[in-house]
Structures are given as structure tokens and as C-alpha cells.
Amino acid sequence: MSETFHEFVVQRSPALSRTAYLLTGDHHLAEDLLQSALARTYRHWRRIRDGDPEAYVRRVMYHQQVSWWRRRRVAERLDASPAERGGGDHTEDTALRLSVVAALRLLTARQRAVVVLRYYEDLTEAQVADVLGCSVGTVKRHGHDAVRRLRDLVPGLWERTPERSGR
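No experiment lies behind these values; they were computed from the predicted model shown.

What counts and how
Along each chain, residue indices are assigned from 1 in the same order as the chain's sequence is written. This being a predicted model, a pLDDT of at least 70 is required before a residue's local features are given, and a value of 80 or more before pairs of side-chain atoms are given or counted; all residues contribute to the totals for chains, interfaces and linings. Values shown for side chains rest on all heavy atoms present in the structure; no hydrogens or waters enter the calculation. Where helices are involved, their axes are fitted lines through C-alpha atoms of the stretch in contact, as for all axes, and angles between N-to-C directions lie from 0 to 180°. Working definition: helices are DSSP H or I runs of at least four residues, strands are E runs of at least two. Numbering for both runs from the N terminus. Angle categories: roughly parallel below 35 degrees, roughly antiparallel above 145, roughly perpendicular from 65 to 115, and oblique for all the rest. Here a crossing is called left-handed whenever its near helix is offset anticlockwise from the far helix by less than a right angle, and right-handed whenever the offset is clockwise. Residues are treated as being in contact if the distance between any of their heavy atoms lies within 4.5 Å. For the purposes of this section, nonpolar cores are sets of buried Ala, Val, Leu, Ile, Met, Phe, Trp, Tyr and Cys residues that join through side-chain atoms within 4.5 Å. Classification of residues uses two cut-offs on accessible area relative to the type maximum, computed with a 1.4 Å probe and protein chains only: under 20% is buried, over 50% is exposed, and between them is partly exposed. Note: domain ranges come from an automatic or database domain assignment. An arc is given here, and it is the one of the directions from the helix axis to the C-beta atoms. One fewer than the residue count of a helix, multiplied by 1.5 Å, yields its expected span. Any N or O atom pair separated by 3.5 Å or less is treated as a polar contact, with the protein-specific requirement of one donor-capable and one acceptor-capable atom, and with residues adjacent in sequence counted only for side-chain atom pairs. What makes a salt bridge here is a side-chain nitrogen of Lys or Arg within 4 Å of a carboxyl oxygen of Asp or Glu, nothing more.

Peer 1: I'd like to hear about the packing of helix H1 (residues 3-24) against helix H2 (residues 27-43), residue by residue, with values.
Peer 2: It is the contact of H1 with H2, at a shortest axis distance of 8 Å, that shows an interaxial angle of 140 degrees. One finds that H1 runs oblique with respect to H2. Handedness of the H1/H2 crossing: right-handed. Residue-level inspection shows Phe5, Phe8, Val9, Ser13, Leu16, Ser17, Ala20, Tyr21, Leu23 and Thr24 of H1 in contact with H2, the latter providing His27, Leu29, Ala30, Leu33, Leu34, Leu38, Thr41 and Tyr42.

Peer 1: Tell me about the nonpolar core, residues and numbers included.
Peer 2: Of all hydrophobic cores here, the largest spans 41 residues; its most connected members are Leu34, Val57, Met61, Val128 and Leu132. Contributing elements (two or more residues each) for this core: H1, H2, helix H3 (45-48), helix H4 (53-72), helix H5 (91-106), helix H6 (109-120), helix H7 (125-132) and helix H8 (136-153). Both domains that furnish three or more residues to this core are identified here as domain 1 (1-77) and domain 2 (91-160). Those residues in contact with Leu132 that lie beyond four places of it in its chain are Tyr62, His63, Arg110, Ala113, Val114 and Leu117.

Peer 1: Tell me what's going on with H7, and back it up with residues and numbers.
Peer 2: Residues spaced three or four apart along an α-helix point in a common direction, a consequence of the helix completing one turn every 3.6 residues. Within H7 the residues assigned to the buried category are Val128, Ala129, Val131 and Leu132. When H7 is viewed along its axis, its buried side chains cluster within an angular range of 165 degrees and face the same direction. Immediately downstream of H7, the backbone of Gly133 shows phi near 70 degrees, a positive value.

Peer 1: Got a sec to walk through the side chain of Thr41? Specific residues and values, please.
Peer 2: Mapped onto the fold, Thr41 is located in helix H2. Of the residues examined, Thr41 reaches a relative accessible area of 0% and is grouped as buried. Apart from the residues within four sequence positions on either side, Thr41 is in contact with Phe5, Ile48, Tyr56 and Val57.

Peer 1: Can you break down the environment of Arg12 residue by residue, with the values?
Peer 2: Turning to its location among the elements, Arg12 is positioned in helix H1. When its relative accessible area of 29% is taken as the criterion, Arg12 is described as partly exposed. Measuring from C-alpha to C-alpha, the distance between Arg12 and Glu54 comes to 7.6 Å, with 42 residues separating the pair along the chain.

Peer 1: Can you tell me about H2, naming the residues and giving the values?
Peer 2: Counted at 1.5 Å a residue, the expected span for H2 with its 17 residues is 24 Å, and the 25 Å between its end C-alpha atoms agrees. Structurally, the start of H2 carries an N-cap: the backbone nitrogen of His28 is 2.9 Å from a side-chain oxygen of Asp26.

Peer 1: Can you explain the packing of H6 against H7? Please cite residues and give values.
Peer 2: Across the interface, H6 lies against H7 with an axial gap of 10 Å and an inter-helix angle of 135 degrees. Judged by the inter-axis angle, H6 sits oblique to H7. Between H6 and H7 lies a crossing whose hand is right-handed. Seen from H6, the contacting residues are Arg110, Ala113, Val114, Leu117 and Arg118; seen from H7, they are Glu125, Val128, Val131 and Leu132.

Peer 1: Outline the pattern of salt bridges, listing residues and values.
Peer 2: Within the structure shown, the criterion is met by six salt bridges. Residues Arg148 and Asp145 are paired through a salt bridge, measuring 2.9 Å at the closest nitrogen-oxygen approach. Residue Arg148 and its partner Asp145 are both found in helix H8; the two are separated by three residues, about one turn of the helix. Residue class for Arg148 comes out partly exposed when judged on its relative accessible area of 46%. Shared partners join several salt bridges into a network, and the residues in it are Arg12, Glu54, Arg58 and Glu121.

In C-alpha cells:
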């Protein structure tokens, strides 16, 4: 295995794994998605290592997830992660997290990808458009529709986020 690829995998896997989870909504599928994307990336490593390999992996994950989704087209099941451990009452935070995860699963695959890449990965609209292989206008449209749908699905979401509630 290429030493630079190994370093890339060790350094970026946690962040890429979180992105894969947000795209799939399932820990096991996220692991499969990331492993598949990294295998495809390794085959082309010489060509992409000097560019932006993380963007390449994200693009592969998105396209692979859409491909899987098109093949399956079955109802997804909610596989909630365990509540955070520690002192204090995390009920409100856990309820918010589960509501957001459930709401994300109700978005279309493309809307979910835009939300994850734009707001979780903090990519610009142009970067999201590049990853998804579409125009900036398409990213804006899907982002707008997704945020509107999330507001309908999780009332009060924007007021309960840590940035807005002063936590």
C-alpha cells in the first residue's frame, strides 16, 4: 500500500466516516460506503494524490450511495446511535439529534447530500456542485428545498440548535 494513501486514510477516515453515516443514515452501510470509496480511490491514487483526494472520496461516496439507493429502493430503517454518555440530562439534545437524523432520511438522496456537504462538511456551494457534478443553481435549489422540508419535519429546529440557543 502506498505510504501516502495509508496516511490519508488514517488522517481523514473519521471525518469521511461521519459524512458516510450522514449520507446513509446507518453505521454499517456507512462503513461499507467508505470502504468501497477508499478502494476506488486507491485504484486511482497516483492520479489524484496531488489534487484534492478528500473531495474525490466524497464524490465517490455520493455517487455510490445514489447507485445503492437506486438499486434497493426499500424503506430505510432508523438506526439511532446510542445516547451520549456522561453526566447531566441529554434528553433534549438526543431528541433533537434523532429528529434531525429521521428528517434527513426523509429527504431525497440529492437533498440529503447537499445538506450534508453544505452544512455539515461546510463546503461552499461551488464545491458542493463540483462534488455532485451539477450546477451551483441546482445546489441552491436542492438546499432551499431541503431546508424548507427540514423546517416542516422538525418544527423549532432552528431555534433549538446550539448556535441559536446560546449553549
